[in-house]
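Read off the chains here:
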Amino acid sequence: MNLFLLAQDPLDLFCLDPAAEVRALRALFQRTAVVIMSIHIVALGSECPGGVGAGDETAGPGQVQGGLLWSYLGHGARELDPNSMTPSRHPLNPAFMEYQSRVFGDVRVMVRDCPSWDLLDSDWASVRSVLEQADIVVIKYSVNDKLAFQQVRNGYAPRLRPLLRHWGLPVILVAIGARLNDEGPPCTCPLCASDWSSCVPHSEGLQLSRDLGATYLELPSLNNFFVGRYFGSVLEYFMIQCLKQKAKERPDKRRGHRLNEPRPPHLDQPARLPPVRVEESSFSQDLQWLLERGVQFADVAFYAGDTGKELGWAHASVLCAISPYFRQLLVGRQAWERPVSRCTCRERDGPHSLLSTWDGGVDDLARADGHPPGHLSRLVVKDPLLCLCLWETLMFLYRGAWEWEYLEEAIAEKLKNPLAVAQLMDRIRSFVGREKAPRDTPTPRSQQGPLTLGGLFNSPLYSDVIFMVQGSVLPAHRAVLVARCDVMAAMFSGKYAEARSRVVPIHGVSSDTFLAFLEYLYTDTCCPASVLQAMAVLVCAEMYQVKRLQHLCEVCVCAYLQNMPSRELASTGISVIRLLRRAKCHNADQLYVWLLHFIANNYLIFSHKPDFLELSDEEREQVERLRWPSRGYLQELSEYQQRRRQIRKSRCNIM
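These figures come from a predicted structure and were not determined experimentally. (Residues numbered from 1 in each chain as written. Predicted model: local features only at pLDDT ≥ 70, side-chain atom pairs only at ≥ 80, totals over all residues. Heavy atoms only, no water.)

## Re the pairing of strand β9 (residues 300-304)
Okay, step 1: Most of β9 sits inside the fold, with 5 of its 5 residues counted as buried.
Okay, step 2: Residues V300, F302 and A304 line one face of β9 and the alternating positions A301 and Y303 line the opposite face, and both faces are buried.
Okay, step 3: The pairing of β9 with strand β10 (residues 310-314) spans 4 bridges and is antiparallel. Residue pairing across strands places Y303 opposite E310, the latter belonging to β10.
Okay, step 4: With antiparallel pairing between neighbouring strands as the criterion, β9 and β10 make up a hairpin whose turn holds 5 residues, including G308 at a positive phi of roughly 75 degrees.
Okay, step 5: Here β9 runs beside strand β14 (residues 377-381); their pairing, made up of 5 bridges, is parallel. Following the sheet pairing, A304 is matched in β14 by V381. (Buried < 20%, exposed > 50% of the residue type's maximum accessible area, 1.4 Å probe, protein only. Helix = DSSP H or I, 4+ residues; strand = E, 2+ residues; numbered from the N terminus. Pairing = 2+ DSSP bridges.)

## Describing helix α6 (residues 202-212)
Okay, step 1: For α6, the set of buried residues is G205, L208, S209 and L212. With its buried residues spanning 100 degrees around the axis, α6 presents them on a single face.
Okay, step 2: Each element contacted by the buried residues of α6 is listed here: β6 (136-142), α5 (146-167), β7 (171-176) and β8 (215-219).
Okay, step 3: One or two residues past the end of α6 sits G213, with phi positive at roughly 70 degrees. (Arc of directions from axis to C-beta. Contact = heavy atoms within 4.5 Å.)

## Observations regarding the nonpolar core
Okay, step 1: Grouped together as the largest cluster of nonpolar side chains are 111 residues, with contacts concentrated most on F302, F467, M488, F492, F514, F517 and L561.
Okay, step 2: Looking at this core element by element, the count peaks at 8 residues for helix α23 (residues 589-601).
Okay, step 3: Apart from residues no more than four positions distant in its own chain, F492 is found in contact with Q296, F297, V465, F467, R478, L481, V482, E498, A499 and V504. (Core = buried A, V, L, I, M, F, W, Y, C linked by side-chain atoms within 4.5 Å.)

## A look at the sheet that holds strand β16 (residues 472-476)
Okay, step 1: Ordered by their spatial adjacency, 3 strands build an open sheet running β16-β15-β17, and the pairing between neighbours is mixed. Both outer strands of the open sheet, β16 and β17 (503-506), are each paired with one neighbouring strand and no more. For this sheet, the mean inter-axis angle between neighbouring strands, taken without regard to orientation, is 30 degrees.
Okay, step 2: Bridge count for strand β15 (residues 465-469) against β16 is 5 bridges, and the pairing is antiparallel. Of the residues in β16, the one forming a bridge with I466 is P475.
Okay, step 3: Running over the sheet, helix α18 (residues 511-523) touches β15, β16 and β17 and is turned about 10 degrees from β16. (Axes fitted to C-alpha atoms, helices over the stretch in contact; angles between N-to-C directions.)

## So, unusual backbone geometry
Okay, step 1: Residue W628 is joined to P629 through a cis peptide bond whose omega torsion reads 0 degrees.
Okay, step 2: Take P629: it is sitting in the loop between α25 (617-626) and α26 (631-654).
Okay, step 3: The phi torsion at A401 lies on the positive side, around 55 degrees, for a residue other than glycine.
Okay, step 4: Looking at where A401 falls in the secondary structure, it is placed in the loop between α12 (390-398) and α13 (404-415).
Okay, step 5: With relative accessibility at 9%, the residue A401 sits in the buried group.

## Points about the confidence of the model for the protein
The predicted structure's coordinates, where accompanied by low pLDDT, should not be read in detail.
Okay, step 1: Taken over all residues, the pLDDT of the protein has a mean of 78, while the share at 70 or more is 74%.
Okay, step 2: A low-confidence stretch, residues 1-16 (pLDDT under 50), is modelled with 31 contacts involving residues beyond four sequence positions or located in other chains.
Okay, step 3: In the predicted structure, residues 182-186 sits below a pLDDT of 50 and forms 2 contacts with residues beyond four places in sequence or in another chain. (pLDDT = per-residue confidence, 0-100.)

## Things to note about the pattern of salt bridges
Okay, step 1: Per the stated rule, a full pass over the model turns up 14 salt bridges.
Okay, step 2: Across the pair K414 and E392 runs a salt bridge, and its minimum N-O distance is 3.5 Å. Taken together, the residues K414 in helix α13 and E392 in helix α12 connect sequence positions 22 residues apart.
Okay, step 3: K414 gets classed as partly exposed once you look at its relative accessible area, which sits at 44%.
Okay, step 4: Since its relative accessible area comes to 18%, E392 is described here as buried.
Okay, step 5: Beyond isolated ion pairs, a larger network of salt bridges with shared partners links D286, R484, D524 and R548. (Salt bridge = Lys/Arg side-chain N within 4 Å of Asp/Glu carboxyl O.)

Written out as structure tokens, the structure reads:
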């Protein structure tokens, strides 16, 4: 068989015949007096559907002798202990069976085969030690055992991937067997998808090989043709490359030891960058404060249906953003668009409504941009249970409509009636448009956190203030701004012009930056697109005293810079020194300290830039103290290179 290899250096000048290459390698070993003519192969997995189960302690000799590697090695394969009737076991991990043979004449091949993946779980540390001694790794699976393949892909491949990449081992992934087709003879075509439900498709095996960095093979059977022609060619190629690598490494080590060459200096790892901490979200607490103390900006009043007593106040913008029920009730243009509850109780005059608008409480001429400031929507609560627990219901909605357990506990403590609690919980679910689910049903991922006010962001619905930023019109809601930002709470609550004006001009900030600032107030998230935009939002957050947003922007800046490769960091137009100046100017203390450490860790890059001279004496002293690599290491490296040059000169003089 022929292997197509490319000669790249004198050690690679072998002919294309494997036997001739091995003869050249053998001559090289004799010249260097090194005996390394051995190769260790570790095989994982089973060729048969089902393999060795977790309950099977050992695999029989028949399974090993009928396996892939045994078939390749042929009659030359023999076990380590010829007197034993069972396969030999590895002393560290009995899950591995050992046998050996010789290839290329006198090259000894040691195979350690583990047919069951479940046996590896008994002692993972010893498995690592076995893999560390391997020169080649062969992973096998049957195409007709999809369950075992999924177990390997999801459970064992993530554990093997970092080890194989760290050691740089060649890996061969072999899919064995013909895919079964119930409607006809066995089909081996990778494009046939009729049996994908029970067999492993070609695409999944190929994807696993890419994840592991392996060479992928498919063998319909273990006959001499497929094993010798396809698998043997690939395995022999890797064995020859392994022998070449060993021939390169050992003479260098012996030569270096003989001449007593100096050791290179040890380079320590750079100091860890200081962490940038972000406070926990206070979004729910801010809206709770709005419900409790933001009566000045309330525009919805609740009244009892039987007595007409005032029950409480709320904000139409928050209710419409959280609850589809209130959005349809307050924004609906016609009376018949008002929602009807899903409860089963009835009244004499028709379906029972949870809420209804007070006659005359809603303008007949609804405006496109919502209600103007000072408008009041009055809602009549006709359900007696909701009248009793209106405050708990509003608190639940304002906190994000996700703390169902706490709501049920609060209602149960107030009503003292399990049947009434269940009825009221069903009615509250109609507010947020959520059907009743069994208790054992897990909460969907999208409902595992509080709902935000993203639906109101940059929306004219119920907008009562408009920001003019560089000619852009940005609608907003005073209630949300007051709850989320202390500076705006003072601006809209005090005796300022903004408190009485509907249009508020904003100066010194770009429209994109201020829009990102408003997005955080409504959604509690911040995703700047670049380092410069993150710094601009940071400056805006410092202007309006929103500390958490400022810290989020600090994290974004650190993440962007830390993910830059060294080459891009050296050629980028972003001045890290000027970012340091802006961080100090705008009280971003965490970012300031982090940037000092970042400059020190990349000292060789930033010290050659012109703006490095803009650092103050105190900053430069700190950077010099933390610099990496240190001055001591560079001095040791210079001495080491000088000694290496002297040794080379002495060699030339001797020759």
